[in-house]
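Observations on the model geometry
Each chain, written out:
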Amino acid sequence: MSVRVLLPNAFQKHTNNTREIASTAANLPELVTDMEGRFPALRQHLRGEDGQIRRFINFYVNEEDIRFLGNEKYSFQEGDEVLVIPSIAGGCC
Amino acid sequence: MTIAYELRCRGCGKSYGIQPLSICDECFSPLEVAFDLEYARTRFTRESISNGPLNMWRYRALLPVADSYAPQTPAGMTPLVKAPRLGAHIGARNLYLKNDAVCMPTLSFKDRVVAVALANAQAFGFTTVGCSSTGNLANAVAAQAARLGLKTFILVPSDLEPAKILNTQVYGATLVRVAGNYDHVNRLSSQIADRYNWGFVNVNLRPYYAEGSKTVGFEIAEQLGWRLPDNLVCPMAGGSLITKIRKAFSELVALGLVEDKPVRFFGAQATGCSPISTAVKNDTDVIEPQRPNTIARSLAIGNPADGAYASRAIRASGGWAEDVSDVEIVSAIQELAETEGIFAETAGGVTTAVTARLYAHGRIHPDELTVSCITGNGLKTTDCLSGAYERSEPIRPRMADFEAFMEEHTTESAEASPEFSQVLALAGESYVR
């Protein structure tokens with residue numbers, strides 16, 4: 001089982017310009033651990049002082065915010081595309 | 001050379017100079033423009049402002065543009081009017097409306113932010129600009145980009161109101177309708193901005209764009225005779241505007257243009273998309289995203305980018321946030337139009353209904369000076385009123401027919417009460433002289 005993970009430009013400095021990885025992680029916590037294993041430099045940037053993933057980092061699975069799918073409890077499916085977006089932009093008033 | 005402003009991370013404080021960037025590469029928090037207020041002290045004075053143009057560029061010393069920039073997109077300086085008739089309906093005795101329903105050129109407060117964003121797009125050398133939008137931003141980007149000769153790609157949710165779609169296409173913009181809600185559109189925009197070298201108004205130009213919102217706050221203070229209100233009621237979508245009005249007030253206090261005083265900030269959302277008001281009610285700045293379902297499409301952002309900051313600002317000010325149903329939104333649009341002659345879009349219905357509730361619940365005292373922000377024009381969202389009014393049968397062009405019509409339709413008409421007339425006359429003083 002493998003999912004495709006797309007990384008944002010803001011991560012590139014810490015990922016040696018890698019934009020995309022394939023991961024066998026079963027869920028979000030495993031994926032974060034996988035990312036930190038591959039890119040040790042990313043770890044201190046991904047997590048705040050409390051050790052938690054920073055609030056501004058958003059994960060989407062096939063166009064849906066992972067928080068609507070159960071967040072950490074969601075089990076990745078074969079072929080899922082995971083999109084990481086830091087600090088979602090936009091915003092009107 | 002003194003640098004008037006720079007980009008700074010809102011999380012870790014890292015400086016980024018002046019470049020098209022919106023995210024910190026260390027902690028991934030959003031970036032914000034920070035001004036050197038000491039440098040601004042000699043340039044941003046009541047006198048320099050009154051000598052400036054009668055539009056938002058009179059505040060340019062606290063807007064992120066180069067000293068050499070020659071403004072080409074006048075926007076802002078909209079009326080601040082006292083609202084005695086609406087006030088009488090909802091129990092307010094000192095209520096003002098900041099009416100950005102008549103902001104030029106596209107009838108929403110977005111004209112302000114886009115003016116600043118596109119000035120920066122030009123400075124950075126972008127020839128193509130884009131945005132994701134719930135409508136008002138699309139209109140503003142399309143119109144002002146046309147004026148500046150920039151190419152535009154504008155992404156909107158496919159279910160957007162027809163008037164907002166037409167008001168984008170008429171300027172020659174390339175409109176990309178996306179099957180999804182604003183949050184889907186927004187996420188796609190972040191990806192596009194990573195891939196294409198465009199000036200994305202609400203992605204890589206976002207820190208600059210957001211500063212344009214401060215002009216709402218600057219104008220309110222100036223129009224009140226250089227003083228701050230007791231309370232401010234503001235609609236919230238991404239949560240940016242309310243935080244920027246607060247920033248504007250803080251800058252005015254820091255530079256000595258107004259006397260320092262506590263201002264309470266109140267946020268308004270539709271119940272069908274209320275992630276920020278929910279956070280305020282739960283006394284937290286943790287925003288739980290929602291799937292929007294409301295007629296107030298311009299506020300329908302389920303994952304608000306500035307939600308945490310908005311919630312924090314509201315609670316720190318001693319304010320509150322409320323949300324109202326779609327039925328209340330439509331009633332409030334009608335009530336505002338019938339009492340004050342202002343036709344607001346659905347977001348204005350949200351703000352008006354929430355303002356009424358804040359008085360009804362005793363959160364705002366009737367005598368406190370309160371400003372309610374109307375951010376967009378009702379002509380853009382007429383579909384929410386479809387079926388609200390009967391189309392009457394025409395009469396023949398005969399006096400007898402008219403008299404019969406009168407007999408049928410004579411109701412108690414609105415009377416010009418002397419009390420209201422006096423208040424309205426005084427409100428004229430609040431326009432910029």
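Our structure is the block above this text.
What this report covers is the structure whose coordinates are included nearby. (Residues numbered from 1 in each chain as written. Chains lettered and ligands numbered in written order. Predicted model: local features only at pLDDT ≥ 70, side-chain atom pairs only at ≥ 80, totals over all residues.)

Considerations on the packing of helix H5 (residues 136-148) of chain B against helix H6 (residues 162-169) of chain B
All names here are of chain B. Heads up, the rule is: Axes here refer to lines fitted to C-alpha atoms; in helices the fit is confined to the stretch in contact. Angles between the N-to-C directions go from 0 to 180 degrees. Secondary structure counts use DSSP, requiring at least four H or I residues in a row for a helix and at least two E residues in a row for a strand, with both numbered from the N terminus. Roughly parallel covers angles under 35 degrees, roughly antiparallel covers those over 145, roughly perpendicular covers 65 to 115, and oblique covers all other angles. Handedness of a crossing is defined here by the sense of rotation of the near helix relative to the far one, left-handed for an anticlockwise turn of less than a right angle and right-handed for a clockwise turn. By the convention adopted here, residues are in contact when the distance between their C-beta atoms, placed from the backbone, does not exceed 7 Å.
Viewed as axis vectors pointing N to C, H5 and H6 meet at an angle of 15°, and their least axial separation amounts to 8 Å. The angle between H5 and H6 places the two elements in the roughly parallel class. Crossing geometry of H5 relative to H6 is assigned as left-handed. On H6, the residues touching Ala138, Asn139 and Ala142 of H5 are Lys164, Asn167 and Thr168.

Remarks on the environment of Asn99 of chain B
Residue and element names in this part refer to chain B. The cut-off we apply is this: Exposed residues have 12 or fewer other C-beta atoms within 10 Å of their own C-beta, buried residues have 20 or more, and partly exposed residues fall in between, where C-beta atoms are placed from the backbone.
If you trace the backbone, Asn99 turns up in strand E5 (residues 95-99). The class of Asn99 is buried, set by 23 C-beta atoms lying within 10 Å. In this structure the C-alpha to C-alpha distance between Asn99 and Val216, which are 117 residues apart in sequence, comes to 9.8 Å. Beyond its immediate stretch of four places on either side in the chain, Asn99 contacts Thr78, Pro79, Val81, Ile342 and Ile374.

Structural notes on unusual backbone geometry
All names here are of chain B. Cis geometry is found at the peptide bond from Met104 to Pro105, where omega equals 5°. Its location among the elements puts Pro105 in the loop between E5 and helix H4 (110-123). With a phi close to 65°, Phe28 is a non-glycine residue in the positive phi region. Relative to the elements of secondary structure, Phe28 occurs in the loop between strand E2 (15-17) and strand E3 (31-35). One non-glycine residue with positive phi stands out, namely Asp283, at about 55°. Tracing the backbone shows Asp283 in the loop between helix H11 (275-281) and helix H12 (307-317). Asp283 sits in the exposed class, given 8 other C-beta atoms within 10 Å.

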